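Next come the chains, spelled out residue by residue.
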Amino acid sequence: MIKLIEKIEGEAKLHFSFKENKIDFVDIEFLQTRSIEKILEGKNVLDALVINPRVCGICGHAHLIATVEAIEDCYESIDISKKAKIIRELTLNFELIQNHFKWFYFTILPLFGYKQAILKAALPSQLMGKAIATIAGQYPHTSYAIVGGVVSDITSMDLIKVEQYINETIRFFEKNMLCMDKDILDYSNIKALLSQKGDLAMIINDIFKNNWEDLGKSYDRFIAFGENSFFTKGKSLKTRRFSNISLDEIEEFSNKNSYAKNVTFKDTYFEVGPLSRAIINKIPLILDIHKKHEDSIVSRIVARVWEIPQLLNHTKELLRQIDLKEPSYIKPKKDISKITSTGSSAVEAARGSLIHKLNIENGIIKKYDIITPTQWNLSNGIRKKLGVSQKAMIGLKDEKIAEIVFKSFDVCSVCTTH
Amino acid sequence: MKQKMKLLWITSLACNGNSHSFLNYPHLEQFLEDFEFINHPLFEGTHTLEEIVSKHIYCDILLIEGSISPEILKADLNLFELIKRYSSIASKIVTIGTCATFGGIFKESEYEDISGLHFNAKNLLQNFADIRYKTISISGCPIHPEHLANTLYAIKDKILLQLDEYLRPKEYFAYTIHNGCVRNEYFEYKIDNHQFGKKEGCMFYDHGCQAPYTHGSCNKILWNEVNSKTRAGQPCQGCTEADFPKANLFETKKNMGIPSFLPFGVPKRTYLTLAGVTKAFTINRLEKELFDD
C-alpha cells in the first residue's frame, strides 16, 4: 500500500507492508532533488550565504547561520563580537518559534480531525518574521549574517520594537496555545498541562482519550550537535547522557529507493529535534512526559510546542545582553580569496541538528555537504536496521495512524532533498 | 454565499519560500474570504493532490511556484501534462517567484531543460507559448506577499495590468530596489566608504549592491511591513531578475575603477560626469556617523 503524504514542505511516498494487519515495514521515498551541493561547487564561497537560505522556505535562516559559521570555521582565527553572536542567535530563535506555530496549526490539528487554523499559524509567525526583518531586512531569505558578524547596525529603538513583537507573541501563546496561569518553570509534569485550556491541552487530551499516548515509540536515542546560550550538545541513550560527541563520526550515505540520503552517528540512527534537545537539556516538563511515555508522539508534540515559551523568554533575556556599542561586524584579517581550508558547523534548526561542511581552495568551493534534521529522523533503513521514523511506525494498525506518527517528526521534504 | 475565486497552487522544484512568504500577507483573513485554494502546498484545499492529478478540477487561476522541467513528476503525473491541463482550465496563470519565472537558482540543478514557465533566464521559450497571453509573472526570491495578493485581486476585479517584457506588473517592477533606500544620499554624493555593520554608506560601490539595476519595490513596499535588505545593510542581490543569482555577490565588479553595471538607463558618460562633480566636494554630514554629535 502506497500513501502520498503532502503538505510536508513538498511530498513523500510511504510504501507500507502489512503482516497480520499491522505495519511490518515502511519504505520512505522522497521524490525530487535540487542538487544544491553541486550547484555550490566552483562558486565564490561567500555566494553560499545567498544560495543556502534557499535550501528551505521555512528554515532557511538556520541554513544561513550554518553557512556563515562553517565558512568562519575555515579561518585559523576570526573575531566575532558578542553582539553579533547574540543577534544571530536571536533571529534563529525567531525562526524556530514561527516554525513550531506553523507545524502545530497547519499539520497537527488536521491529524486530530480539526480544521487547519491558518490565521493562528499566520499571526505569530508574521510577528516573528517582523522581528527577524527588523534586524535582518526581511524574512524569509535574508543573508544578513556575513563572515565577520552581521550587516545590521541595530539601534535601541529596533530592540524596543523587537521586544514588542516578542511580547505580542507571548500573549498570543498564552491566549491560544496554552492558558498559562503560573510561571513557566512551575510546569514540571504533564498533569499541569492537561488541566489547562488552550489548543495544546486540547490535542494532548485528545491523544489520551484515544489511548494514543504511547504511539510512535522508536529507539529512545537522541542527539543534538548545535550549541548556543540555550541549547547544549550531547546524546542520550535511554536515561544516560553524554556530552562528548564529534561531527567526525557522522556518516551520510545514499539509499536506493529515495532521493534523500541516510545519516548515522557511529553507525547508529538517532532522533534529532525539540524532544532530543529537551532530553539533553533536561527540561523538567519534558523529562516527566518522557519518563512516562518515552519517545512517543505525546512527548514529541509537547516538546516542540514547549520550546515556544522557553525560547520567547530566553530571547527576551538575550535582548538585554546586547551591548550596542560593540561592533556588528569585524572585518576578517585575511581575505577569503587567500584561504584554502575546510570548515564545518552545527546549528539547532527548528527540526533538529543541521550540519554544514565545506572545503574551499582560495575562497572557491570545492565541496559542500549539507546534512539536514529530517535526514536524521527519516533515514530510510532496511528491515534489519530501521531508521528512527520507520521504527516508530512499525506495529501500527493503519496508515492514518502512521501518518500522525510520521508527521510528529515535523517533516521537511525540501530540506531533505536539497 | 459569495463565490470565491478558485486557485490552484502547484509547486515544482522549489524551496517553498514563496508559500511561506505569502503567509506574511497582513490581510490573510480577508484574502481567504475572497479566494479558496483547490490545492496548496501548505493550506488545506478543497481537493487532494492525488485528485488534482487524476481529475480535471475547475480553477480560475493557476499559480506555479518553482523551476519546471519535463522530467519532473507531480504525484506521478508529468509536470508539463499537469500544467497543460490546468492552464487550459484556468483563465489566468501567475508564475510565483524567480524560479517559476526565469528558472532561478535551480536552473543549475541536474534536471533536463529546467527553466521558468516562459523564460530560461532572459531567453523567451517556445514551450507554453500558447498560454503566454494569460500569464503574469511575479518574480522575486521569494515573492513579496503583497505583490502576489494584489495581483490576484487585480485579476479578480478584471483590472488590466501593464506588464513589462517579462510579463511582470509595472506597478511593482517599473521601480528599482534603489528607489526608497535610506542610503540613497550616499549613492547620490558618491560616498564610497561603506563598511558592513554600519547604518551609513552605499553598498553599490564596493559591496556588490545591485539595487540601482534591479527591478522591484523592496524599498517602496517594505518586507514584513518593516524593513528591507538594503536598509538593514545587506547588498541587494538582484533576486527579482532573470540572471539571479549572478556570481561574486558581495563585491562590485569594476572596470578601471568604474562599476561594470550602472544604474538602469544611465549612460556611462553621464555617470562619470556626475561622479566627477560630486567627488569634488566633501559633504561633512555624510562623512560622519549619523548619530555623531
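Residues numbered from 1 in each chain as written. Chains lettered and ligands numbered in written order. Predicted model: local features only at pLDDT ≥ 70, side-chain atom pairs only at ≥ 80, totals over all residues.

Each helix and strand counted, chain B has 11 helices and 11 strands in total. Taken against the 2.2 N^0.38 rule, which gives 19 Å for 293 residues, the C-alpha radius of gyration of chain B at 21 Å falls within 12% of a compact globule. On the principal axes, the C-alpha backbone points of chain B span a range of 70 × 40 × 30 Å. The proportion of buried residues among the 293 residues of chain B is 50%. Counted over contacts in chain B with a minimum sequence separation of 6, partners at least 24 positions apart contribute 70%. (Helix = DSSP H or I, 4+ residues; strand = E, 2+ residues; numbered from the N terminus. Rg over C-alpha atoms; globule rule 2.2 N^0.38 Å. Buried ≥ 20, exposed ≤ 12 C-beta atoms within 10 Å, placed from the backbone. Contact = placed C-beta atoms within 7 Å.)

Right, let's get into the sheet that holds strand β3 (residues 22–30) of chain A. Residues and elements named next belong to chain A. The strand order β1-β2-β3 describes an open sheet built from 3 strands, whose pairing is antiparallel. Only two strands of the sheet have a single partner each, and these edge strands are β1 (2–5) and β3. The average undirected angle you get between the axes of adjacent strands in this sheet is 25°. Inspection of the sheet shows β1 paired to strand β2 (residues 12–19) by 4 bridges, in the antiparallel sense. Paired with Ile 2 across the strands is His 15, a residue of β2. Sheet strands in contact with helix α14 (residues 399–407) are β1, β2 and β3, and its direction is about 130° off that of β2. (Pairing = 2+ DSSP bridges. Axes fitted to C-alpha atoms, helices over the stretch in contact; angles between N-to-C directions.)

Quick look at the interface of chain B and chain A now. Facing 49 residues of chain B, the contacting portion of chain A comprises 55 residues. Contributions of two or more residues to the side of chain B that touches chain A are made by α1 (17–22), α2 (28–34), α3 (49–54) and α9 (229–232) of chain B. It is α1(B) that contributes the most residues to the side of chain B that touches chain A, 4 residues altogether.

Our next topic: the sheet that holds strand β6 (residues 221–224) of chain A. Residue and element names in this part refer to chain A. Taken together, the 3 strands give an open sheet; going across it, the order is β6-β7-β8, and neighbouring strands pair in antiparallel fashion. With one partner strand each, in any of the chains shown, β6 and β8 (240–242) form the two edges of the open sheet. On average, adjacent strands in this sheet sit at an angle of 10° to one another, irrespective of strand direction. Inspection of the sheet shows strand β7 (residues 234–237) paired to β8 by 3 bridges, in the antiparallel sense. Of the residues in β8, the one forming a bridge with Lys 235 is Phe 242.

All names here are of chain B. For chain B, the assigned domains are domain 1 (5–169) and domain 2 (175–293). Of note, the centres of domain 1 and domain 2, computed from C-alpha atoms alone, are 32 Å apart. The interface is formed by 15 residues belonging to domain 1 together with 11 residues belonging to domain 2. Considered class by class, the residues forming the side of domain 1 that touches domain 2 number 7 nonpolar, 6 polar and 2 charged. (Domains from an automatic or database assignment. Nonpolar A, V, L, I, M, F, W, Y, C, P; charged D, E, K, R; others polar.)

All names here are of chain B. Mapped onto the elements, Gly 66 comes out in the loop between β3 (61–65) and β4 (73–74). Under the C-beta neighbour-count criterion, Gly 66 is labelled buried, with 31 such atoms within 10 Å. Note: C-alpha distance between Gly 66 and Thr 101 (35 residues apart in sequence) is 8.2 Å. Beyond its immediate stretch of four places on either side in the chain, Gly 66 contacts Thr 11, Ser 12, Leu 13, Ala 14, Cys 99 and Ala 100.

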